[in-house]
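Survey of secondary and tertiary structure
This is what each chain is made of:
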Amino acid sequence: MAKRYYKTTRHYESVFVLKPTLTEEEVQRRLQEIRETIQKKGGQILQEEDWGTKKLAYPIKNFQHGRYFIFRITSSNPQLPNDLDFYYKISDDIIRWLNFQVKVKEEKNA
């Protein structure tokens, strides 16, 4: 019987929206807390992007705008997205978020 190979390292993207009323210092503090949470849970941040403040499609918690961020993460911990969901849910400064697994295409060596 053929052996199956399971990848233990997964790639994720985490998109979240912060309140537009936060100062730059508060935003940086919140980002540092998110980075530390990801590292404590066994994740490694590959890339961070600040998409800036954008108008929301509909009001969320009486806010018309939000500051968008995306983190590209790799981890061998399959519970990482659930842990991030919990962290985002209890945070008052994060008004919306989405975590999802990304399929990475492997390059075949010829």
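Residues numbered from 1 in each chain as written. Predicted model: local features only at pLDDT ≥ 70, side-chain atom pairs only at ≥ 80, totals over all residues. Heavy atoms only, no water.

**Some words on the environment of L22**
In plain terms, the rule: Note on conventions: DSSP H or I runs of at least 4 residues are helices, E runs of at least 2 residues are strands, and numbering of each starts at the N terminus. Any two residues having at least one pair of non-hydrogen atoms within 4.5 Å are treated as being in contact.
The topology assignment puts L22 in the loop between strand 1 (10–18) and helix 1 (24–40). Measuring from C-alpha to C-alpha, the distance between L22 and R67 comes to 9.2 Å, with 45 residues separating the pair along the chain. The contact partners of L22, leaving out residues within four places of it in the chain, are V27 and D93.

**Side note on helix 1**
Here is the rule: One less than the residue count of a helix, multiplied by 1.5 Å, gives the span that helix is expected to have. When accessible area is computed with a 1.4 Å probe and restricted to protein chains, residues below 20% of their type maximum are described as buried, those above 50% as exposed, and intermediate ones as partly exposed. By construction, the arc corresponds to the directions joining the helix axis to the C-beta atoms.
End to end, helix 1 covers 24 Å across 17 residues, agreeing with the expected 24 Å (1.5 Å per residue, within 8%). Those residues of helix 1 that sit buried are V27, R30, L31, I34, R35, T37 and I38. End-on view of helix 1: buried residues confined to an arc of 160°, all on one side of the axis. Set apart from the buried face of helix 1 by more than 90 degrees, the exposed residues are E25, Q39 and K40. Those residues of helix 1 hidden inside the fold are in contact with strand 1, strand 2 (43–60), strand 3 (63–75), helix 2 (80–90) and strand 4 (94–102).

**Section: the pairing of strand 3**
Selection criterion: DSSP calls a pair of strands paired once it identifies at least 2 bridges connecting them.
Most of strand 3 is tucked away: 10 of the 13 residues are buried. Bridge count between strand 2 and strand 3: 12 bridges; the pairing is antiparallel. The residue bridging E48 from the neighbouring strand is F71, located in strand 3.

**Side note on the packing of helix 1 against helix 2**
Definition in use: Axis geometry follows a simple rule: fit a line to the C-alpha atoms, using only the stretch in contact for helices, then measure angles between N-to-C directions, giving values from 0 to 180 degrees. In this scheme, roughly parallel covers angles under 35 degrees and roughly antiparallel covers those over 145, while 65 to 115 is roughly perpendicular and the rest are oblique. Left-handed describes a crossing in which the near helix is turned anticlockwise from the far one by less than a right angle; the clockwise case is right-handed.
Two elements in contact, helix 1 and helix 2, have axes whose closest approach is 11 Å; the angle formed by their N-to-C orientations is 150°. Considered as vectors, helix 1 and helix 2 are oriented roughly antiparallel to each other. Of the two possible hands of crossing, helix 1 and helix 2 adopt the one that is right-handed. Contacts between helix 1 and helix 2 pair R30, E33, I34, T37 and I38 from the former with L80, L84, Y87 and Y88 from the latter.

**Observations concerning helix 2**
Along an α-helix, a turn takes 3.6 residues, which lines up residues three or four apart on a common side. Listing the buried residues of helix 2 in full gives L80, P81, L84, Y87 and Y88. Take helix 2 and look down its axis: the buried residues cluster within an arc of 120°, on one side only. Within helix 2, the exposed residues directed more than 90 degrees away from the buried face are F86, K89 and I90. If you follow the buried residues of helix 2, they end up packed against strand 1, helix 1, strand 2, strand 3 and strand 4.

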